[in-house]
Amino acid sequence: MERDIYDEDHEAFRGLVKDFIGRYVTNEAIERWNAEGEIDRATMLAAGEAGLIGLSVPEEFGGAGMLQDYRFRTVVMEEVIAAGAGSLAGAFGIQDDLAVPYLVHMGTQEQKAKWLPRMATGEVIGALAMTEPGAGSDLRGIKTTAKKVDGGYLVNGAKTFISSGKTADLVVTFVKTGEGNRPDAFSLVLIENGMEGFEHGKKLHKMGFQGHDTAELSFTDVFVPEENLIGGTEGMGFVQLMMNLPLERLSIAVAAAAAAQAGYDWTVAYTKDREAFGERIIDFQNTRFTIADMSATVDALWAYVDRALLAYKDKKLSAEEAAKIKFWATEREWEVLDAGVQLHGGYGYITEYPIARAFLDARVHRIYGGTNEIMRDIVSRQIAGKR
Ligand SMILES: Cc1cc2nc3c(=O)[nH]c(=O)nc-3n(C[C@H](O)[C@H](O)[C@H](O)COP(=O)(O)OP(=O)(O)OC[C@H]3O[C@@H](n4cnc5c(N)ncnc54)[C@H](O)[C@@H]3O)c2cc1C
């Protein structure tokens, strides 16, 4: 089905994204990122220069000022994922959907002025550190503490599974500033590269997103000045996380739809090209029926995702709606990519082929950003009228 959520500005922007891809997202670059386990800084700087990151950064701080119009981010994701570069899409997503929003929407004027201009250029790479070895879904179980001292906080603890964790210069970090696990016992602080006692730990070996770094972080008596408390008010961390989670979940749903679309397109092209038993693979009835199913699922994904994008633009996307689309979209993505791998035969299992990489990348969509079980819990609690 034809989509109708974009106007000429979005399509003009798509042209810029395609130019960038033509120059920087080559097969050689994808292989290099995968081999090195990270996106090189030169590529992030080039993306900043081309205006592909920092999209929600206000113009006064050097960004594109697309505060609520997430459709420009969607264009970036669609094109980068269609180019077979899921890891690059992941790196852009961490910058624009997980790090920048905490400064744009919740930072003090000083924090915005200090960090946003360089986040828009790619000079400063951000990350968001919530998860710990002992606490993922149950975020209020974190153990990293920030103890009040003269002029700031002393942070102690460890984080794990942090996307862009090896390359990040600035980490929005979820810490305990109070006793117990009431929502006001938590804060978000900005931890900077080079602060004494802050270590980027080892890069984790993942099944997918091979070209995007995920790492452990550790903090030993890291002195964090008061001015690095996000928003300047202690005890707001949990509320701040809740404010950004709908966007994070919407972004995963968009990535899922984009990957399903790409997987479908690759599969149609491949099955038209390859032959067996004297026929094209697409001429077998099983293939055609599978492709018809994939096509319908991709249409439904976009219809749902596009509706959510417009709701977000109008500030009407609730936490429950974002949770619902996150679990539904990532599960449809998984079905489409699994079918695509199957129709590629053995080549579908070889990571040189984008379908194989997209399939491996997709697995974590059902886990991070809140697992799909937690998403169902959020949705069903509201339906049941349970807090
Ligand atoms: C590649 C990757 C990148 C990531 N990037 C980041 C990042 O940038 N920043 C960050 O902070 N975190 C990040 N994460 C962490 C991710 O968000 C967590 O792994 C996820 O939230 C799950 O937490 P957990 O791993 O501790 O699993 P657990 O919470 O231990 O869950 C284990 C299982 O139990 C289930 N479960 C838990 N509680 C319930 C419940 N109440 N009801 C039903 N089932 C339940 C879960 O659904 C899951 O199936 C990343 C993870 C990965 C793998």
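Below is a summary of the structure that appears in this document. Just so it is clear, the structure is predicted and the values come from calculations on it, not from any experiment. (Residues numbered from 1 in each chain as written. Predicted model: local features only at pLDDT ≥ 70, side-chain atom pairs only at ≥ 80, totals over all residues. Heavy atoms only, no water.)

## Quick notes on the pattern of salt bridges
For the structure on display, the rule yields 21 salt bridges. For Lys148, the salt bridge is made with Glu226, and the minimal N-O distance between the two is 2.6 Å. Separated by 78 residues along the polypeptide, Lys148 in strand E2 (residues 145-149) and Glu226 in the loop between strand E7 (214-225) and helix H7 (237-273) bring together distant segments of the chain. Residue Glu226 is classed as partly exposed on the basis of its relative accessible area, which comes to 39%. Asp377 is paired through a salt bridge with Arg381; the nearest N and O atoms lie 3.0 Å apart. You can see Asp377 and its partner Arg381 sitting in helix H11 (residues 372-384), four residues apart, about one turn around the helix. The class of Asp377 is partly exposed, set by a relative accessible area of 34%. Overall, the relative accessible area of 28% leaves Arg381 in the partly exposed class. Ionic contacts of the salt-bridge type, sharing partners, join the residues Arg3, Glu11, Arg14, Glu78, Glu79 and Asp306 into one network. (Salt bridge = Lys/Arg side-chain N within 4 Å of Asp/Glu carboxyl O. Helix = DSSP H or I, 4+ residues; strand = E, 2+ residues; numbered from the N terminus. Buried < 20%, exposed > 50% of the residue type's maximum accessible area, 1.4 Å probe, protein only.)

## Thoughts on empty space enclosed by the protein
All chains considered together, the criterion is met by two cavities of 30 Å³ or more. What the largest cavity holds in volume is close to 90 Å³. As for the largest cavity, its lining consists of 13 residues, and the residues nearest its centre are Ser56, Met66, Leu67, Tyr70 and Arg73. Considering each element in turn, the lining of the largest cavity owes the most residues, four residues, to helix H5 (residues 86-106). A class-by-class count of the residues in the lining of the largest cavity yields seven nonpolar, two polar and four charged. Roughly 80 Å³ of volume is contained in the second largest cavity. If you trace the second largest cavity, you find it lined by Ile39, Arg41, Met44, Ala91, Ile125, Ser164, Thr167, His212 and Asp213. Looking at the lining of the second largest cavity residue by residue, the classes come out as four nonpolar, three polar and two charged. Looking at which domains feed residues into the lining of the second largest cavity, each of domain 1 (8-124) and domain 2 (127-233) gives three or more. (1 Å grid on protein atoms, 1.4 Å probe; cavity = no way out; pocket = protein on both sides within 12 Å on 5 of 7 lines; lining within 4 Å. Points joined across faces, edges and corners; volume = space filled by probe spheres on them. Nonpolar A, V, L, I, M, F, W, Y, C, P; charged D, E, K, R; others polar. Domains from an automatic or database assignment.)

## A closer look at the pairing of strand E3 (residues 152-163)
The sheet contact formed by E2 and E3 spans five bridges and is antiparallel. Along E3, the bridge assignment pairs Lys147 with Leu154. From the end of E2 to the start of E3, which pair antiparallel, there are two residues, and Gly151 there has a positive phi angle of about 80 degrees. Taken together, the nine bridges between E3 and E7 define a ladder with antiparallel strand orientation. The residue bridging Ala158 from the neighbouring strand is Ser218, located in E7. (Pairing = 2+ DSSP bridges.)

## Describing the side chain of Glu79
Positionally, Glu79 belongs in helix H4 (residues 71-82). Ignoring anything within four residues of it in the chain, the contact list for Glu79 reads Arg14, Val17, Lys18 and Ile21. (Contact = heavy atoms within 4.5 Å.)

## Some words on helix H10 (residues 354-362)
Of all nine residues making up H10, seven are buried, and the element is well covered by its neighbours. Within H10 the residues assigned to the buried category are Ile355, Ala356, Arg357, Ala358, Phe359, Asp361 and Ala362. Residues of H10 that are buried make contact with helix H2 (27-36), H5, H7 and helix H9 (319-343).

## Observations regarding the packing of aromatic side chains
Per the counting criterion, the structure on display carries twelve aromatic pairs. Ring plane angle 40 degrees and centroid distance 6.2 Å describe the contact between Phe186 and Phe238, whose orientation is recorded as tilted. With Phe186 in strand E5 (residues 186-192) and Phe238 in helix H7, the pair connects residues that are 52 residues apart, well separated along the chain. Given the relative accessible area of 0%, Phe186 is considered buried. A relative accessible area of 13% places Phe238 in the buried class. Put simply, the rings of Phe20, Tyr24 and Phe92 touch in pairs and so form one group of aromatic residues. When the ring centre of Tyr6 is taken as origin, the NZ or CZ atom of Arg14, which lies over that ring, is 5.1 Å away. The ring of Tyr153 has Lys148 lying over it, and the distance from NZ or CZ to the ring centre is 4.9 Å. (Phe/Tyr/Trp six-rings, centres within 6.5 Å; stacked < 30°, edge-to-face > 60°. Lys NZ or Arg CZ within 6 Å of the ring centre and 35° of its normal.)

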